[in-house]
Amino acid sequence: MTLSRARWSLLASVFVLAAVYFITGRLGLLLAIPPGYATAVWPASGVALAALLLYGYRLWPGIWLGSFMVNIAVSFDGSSSQTILKSLTIATSVGIGASLQALLGAYLINRFMNVKSGLVHSREVMGFLGLGGPVSCLLSATWGVTTLWLLNLISNTEYPFSWINWWIGDAIGVIVFLPIVYTFFGRPAEIWQWRKKPVAIPLILATAAVIAFFIVASEAEQKRIETEFAQRVKIVADSLEKKWISYIDVLHSVHGLILSTGDLNGYVFHSFVRHSLSRTQGIQALSWNPQVYQHQRDAFETKMRENGYVDFKITERSDAGDLIKAGSRSRYVVVQYIEPFRGNEKAQGYDVYSNPIRQKAMDVARDSGKLAATARIDLVQGTRSQAGILVLLPVYHTDIVLDRIEDRRNNLHGYVVGVFRMGDVLSAAMEGLKIEYSTTYLIDATAAEQDEVLTAFRVSDQGIGELLPLNEAIPVENKLSWSSEIAIGNRNWRLLVTPTPKYFSENRSWAAWWVLAGGLILTGLLGSFLLIITGREILEGKRIKELASLNEELNNEVTKRHEIENSLREANECLNELATVDHLTGVYNRRYIQECAKRIDAEMHRYDQHYSIILFDIDNFKLVNDRFGHDVGDLALREIARKIENQLRETDCLGRWGGEEFLIIAKQTSLNECTDFAQRLRLAICEKPLEQVGIVSISIGVASNDGTLTLEETIKQADQGLYLAKRNGRNCVAYI
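Residues numbered from 1 in each chain as written. Predicted model: local features only at pLDDT ≥ 70, side-chain atom pairs only at ≥ 80, totals over all residues. Heavy atoms only, no water.

Trainee: Tell me about the sheet that holds strand E18 (residues 733-735), and please be specific about residues and values.
Mentor: Read across the sheet, five strands follow the order E15-E16-E14-E17-E18 without closing on themselves; strand pairing throughout is mixed. Since the sheet does not close on itself, it has two edges, and those belong to strand E15 (653-658) and E18, each with one partner. Neighbour-to-neighbour, the strand axes of the sheet open up by a mean angle of 25 degrees, direction not taken into account. (Pairing = 2+ DSSP bridges. Helix = DSSP H or I, 4+ residues; strand = E, 2+ residues; numbered from the N terminus. Axes fitted to C-alpha atoms, helices over the stretch in contact; angles between N-to-C directions.)

Pasting the structure below:
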């Protein structure tokens, strides 16, 4: 049961790898340069190598199967048993080459590199990408291109380019996509998973940017090809239109000859027309075709025989296609004179009106009074290798403009007819204007069940122009095909020019391909650099952990020392507080306030400054202690100290002088300012009752020193002021 599960697991893994290879291969073909499959990157090669490195050599059949499916999907030809066999041979052989390449790359990397270490050293990174990419990819490129060469799919001259393109595509696919796959599935996981952000994301973004640039460059290149092709084809269209203008001018000149000549004969017609034919290439023949009624037939045939055309008779084609004497009908339109006569002898005497296609065009020309053209016909004097048309210009017995159809029908004299073999017409228009690797079609698009090809002109890959037989002239359009409408009398023609696949390869610049290849090479170098940098970071991290382990004991000792130092600092702070702060009120004690006073007095003498002293005590504080107890008295002292502190400036110093007496040192304060300040302090105390005590008051003595007194004298003056305030009734401010 365990063995069966293992086999199913292996089989599932093989099919998963084949599917992933197929998908990435198709994605790589999206970047191919049309019309072939030359691509600058083959992501499937990186995926295949990563699969064998991560999950073992046993998965190689998945690589062969994926490659086989890609090649079958792209180039399978089922037109014959021979092409089917060739397609299967190519797909099988290329798949073998892809599998051998992945196996070789995995073997070389496992043999010479320690992949399990996580590739943290520069040498390991370069060996990992170098052996897996440029080195192992030599095998697939040689195998695959040689297969194509042996099957005559590429020539000797194409072999080097095909090989270098194959090798570059596979190598870039490994260098770019192997690191990306490893950041998601590589082992050890803690190393490769950490590399997702610093390696995979930059590589993915860089690859996307390169592909975006490639798409822009490819679109620009495609637009250039389309523009150049359209410009070249437009010249052909213009040449064809100019040819038809010259042909129509010739028909009108013959029309003028008919009207100006009372009794036209063959010599006059020959003399006039031969000059036009010599100047205009592409016209098969020009003829004068008068309308002959049944009662005029015998006289008309007799006159033509008397004028030297001894075998002249009005003819038509039989059902078998042979020329026979025309049957009896009300009227005929007969080829009376035709030039050049040699080669067109069979056409003389032919009743053009006997053919339904010609008849339809002649009726249109007669009724409209304008030039008309027939649909595609087989010429009496021609071969079936080329289609022909007739262009008919009606001639009336009068040169007066006839507005009504009835008048045109009653006055019809005949038709000036131009006979054209369409292959010759198109060849003449394209003389010197051949577009290499293309096929030009002239199509009759006039309303019918389907368009008819009048002629087709192909320029082979060797640059040789040739007319296609009508049975091979089947229009095949692609996205670069160009068409133009041409109106010829009552019919609309369409000139269609379609390039062959060779046109794309011969006229395409490889700039877009080099943009892609160069950009992806730089992306691969970026990946190598990022792997090296992250490897160094990982090594640094390991060193840091080792140092952390070695320094752990020292850190513990430092922690203990810090604990001891903190204890000493707390003890010092406690001692300092005991030495400077009054424990009851929380303000400075007498010793520290005296030190502050000495320091301020020294600053006064040094910087020529002044200061003031405020000395106050609580009125009748003994009564508070006697009445409420010392606990409440202590609470009152603390509350009064807090209220006084709230009124002080940052530069003022407050301390307990003794018992219920407090001293304040006010820097840069004159006697008047100090007196005002003392009044605010007094009011702050007496305006609001104290908790549990009620309203209390303070008496304040102030003194100011501008440098004329000593510190002791200043304090003494403040003390005298305090006694004066007591004598003045308490709750007041006094100074000496």
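So much for the structure itself; the text now carries on.
Trainee: I'd like to hear about the state of the cysteines, residue by residue, with values.
Mentor: This model, assessed by the stated rule, comprises zero disulfides. Free of any disulfide, Cys732 has its nearest neighbouring cysteine sulfur in Cys686, separated by 11 Å. (Disulfide = S-S within 2.5 Å.)

Trainee: Give me the lowdown on the side chain of Asn705, citing residues and values where you can.
Mentor: Locating Asn705 in the fold gives a position in strand E17 (residues 698-705). Contacts of Asn705, omitting those with residues within four sequence positions, involve Asp601, Met604, His610, Tyr611, Thr710 and Thr714. (Contact = heavy atoms within 4.5 Å.)

Trainee: Before we move on, can you summarise the nonpolar core with the specific residues and values?
Mentor: Among the nonpolar cores identified, the biggest contains 57 residues, and Trp244, Phe420, Met422, Trp493 and Leu495 are the most heavily contacted of them. Broken down by element, the residue count for this core peaks at 13 residues, all from helix H9 (residues 196-260). For Met422, the residues in contact, after removing those within four places along its chain, are Trp244, Gln386, Ala387, Ile389, Leu442, Leu454, Thr455 and Trp493. Core analysis: the next-biggest nonpolar cluster, separate from the first, contains 55 residues, Leu52, Ala102, Ala106 and Leu119 among them. (Core = buried A, V, L, I, M, F, W, Y, C linked by side-chain atoms within 4.5 Å. Buried < 20%, exposed > 50% of the residue type's maximum accessible area, 1.4 Å probe, protein only.)

Trainee: Which residues make up the pairing of E15, and what values go with them?
Mentor: Taking burial as the measure, the six residues of E15 include five buried ones, the bulk of the element. With five bridges connecting them, E15 and strand E16 (residues 661-667) associate as antiparallel partners. Directly across from Gly655, in E16, lies its bridge partner Leu663. Connecting E15 to the next strand, E16, in antiparallel fashion are two residues, including Gly659 with a positive phi near 60 degrees.

Trainee: Account for the pattern of salt bridges, with residues named and values stated.
Mentor: Counted by the stated rule, this structure contains 21 salt bridges. Put simply, Glu639 and Arg642 hold a salt bridge, and the shortest N to O gap is 3.9 Å. With a gap of three residues between them, Glu639 and Arg642 both fall in helix H20 (residues 630-647), about one helical turn apart. The class for Arg642 is partly exposed, based on a relative accessible area of 41%. A single salt-bridge network, built from bridges that share partners, covers Asp363, Arg366, Asp367 and Arg409. (Salt bridge = Lys/Arg side-chain N within 4 Å of Asp/Glu carboxyl O.)

Trainee: Outline unusual backbone geometry, listing residues and values.
Mentor: Here the amide bond leading from Arg187 into Pro188 is cis, since omega sits at 5 degrees, within 30 degrees of zero. Relative to the helices and strands, Pro188 resides in the loop between helix H7 (159-185) and helix H8 (189-194). For the bond from Glu339 to Pro340, the omega torsion is -5 degrees, close enough to zero to count as cis. Take Pro340: it is sitting in the loop between strand E5 (337-339) and helix H12 (356-368). Although it is not a glycine, Asn620 sits at a positive phi angle of roughly 55 degrees.

Trainee: Explain the sheet that holds strand E9 (residues 438-444) residue by residue, including any values.
Mentor: With respect to topology, five strands assemble into an open sheet ordered E11-E10-E9-E13-E12, the strand pairing being antiparallel. With one partner strand each, in any of the chains shown, strand E11 (465-467) and strand E12 (482-488) form the two edges of the open sheet. Each adjacent strand pair in this sheet contributes to an overall mean axis angle of 20 degrees, direction not counted. Along the sheet face, H9 touches E9, E12 and strand E13 (491-499) and points at about 10 degrees away from the line of E12. Along the sheet, helix H14 (residues 422-429) makes contact with E9, strand E10 (452-459), E11 and E13, crossing E10 at roughly 45 degrees.

Trainee: Please provide a residue-by-residue account of the packing of helix H4 (residues 81-112) against helix H6 (residues 137-150), values included.
Mentor: Relative to each other, H4 and H6 sit at 170 degrees, their axes nearing to 8 Å. It follows that H4 is roughly antiparallel to H6 by the angle criterion. In the packing of H4 onto H6, the handedness of the crossing is right-handed. Listed contacts from H6 to Ile90, Ser93, Ile96, Gly97, Ala98, Leu100, Gln101 and Leu104 of H4 are Cys137, Leu139, Ser140, Trp143, Thr147 and Leu148. Along the lines of polarity and charge, the residues of the contact of H4 with H6 split into nine nonpolar, five polar and no charged. (Parallel < 35°, antiparallel > 145°, perpendicular 65-115°, else oblique. Left-handed = near helix turned anticlockwise from the far one by under 90°. Nonpolar A, V, L, I, M, F, W, Y, C, P; charged D, E, K, R; others polar.)

Trainee: Go over the pairing of strand E1 (residues 285-293) with me, naming the residues and quoting the values.
Mentor: Of all nine residues in E1, eight are buried; the element is thus mostly enclosed. Of the pairings in the sheet, the one linking E1 to strand E8 (residues 412-421) comprises six bridges and is antiparallel in character. Residue Pro290 lies in a different strand from E8, and its bridge partner there is Gly414. Of the strand pairs in this sheet, E1 and E5 are connected by three bridges, and their pairing is antiparallel. Note on E5: the bridge partner recorded for Leu286 is Glu339.

Trainee: Which residues make up the packing of aromatic side chains, and what values do they have?
Mentor: Counted by the stated rule, this structure contains 17 aromatic pairs. Relative to Trp42, the ring of Tyr21 has its centre 6.5 Å away and its plane inclined at 70 degrees; by these criteria the two rings are edge-to-face. Of the two residues, Tyr21 is situated in helix H1 (residues 2-29) and Trp42 in the loop between H1 and helix H2 (43-55); the sequence distance between them amounts to 21 residues. Consider the rings of Tyr247 and Phe420, whose centres lie 5.1 Å apart with planes at 40 degrees: the pair is tilted. Taken together, the residues span a long stretch of sequence, with Tyr247 in helix H9 and Phe420 in strand E8 at a distance of 173 residues. For the pair Tyr247 and Phe420, one class covers both residues: buried. (Phe/Tyr/Trp six-rings, centres within 6.5 Å; stacked < 30°, edge-to-face > 60°.)

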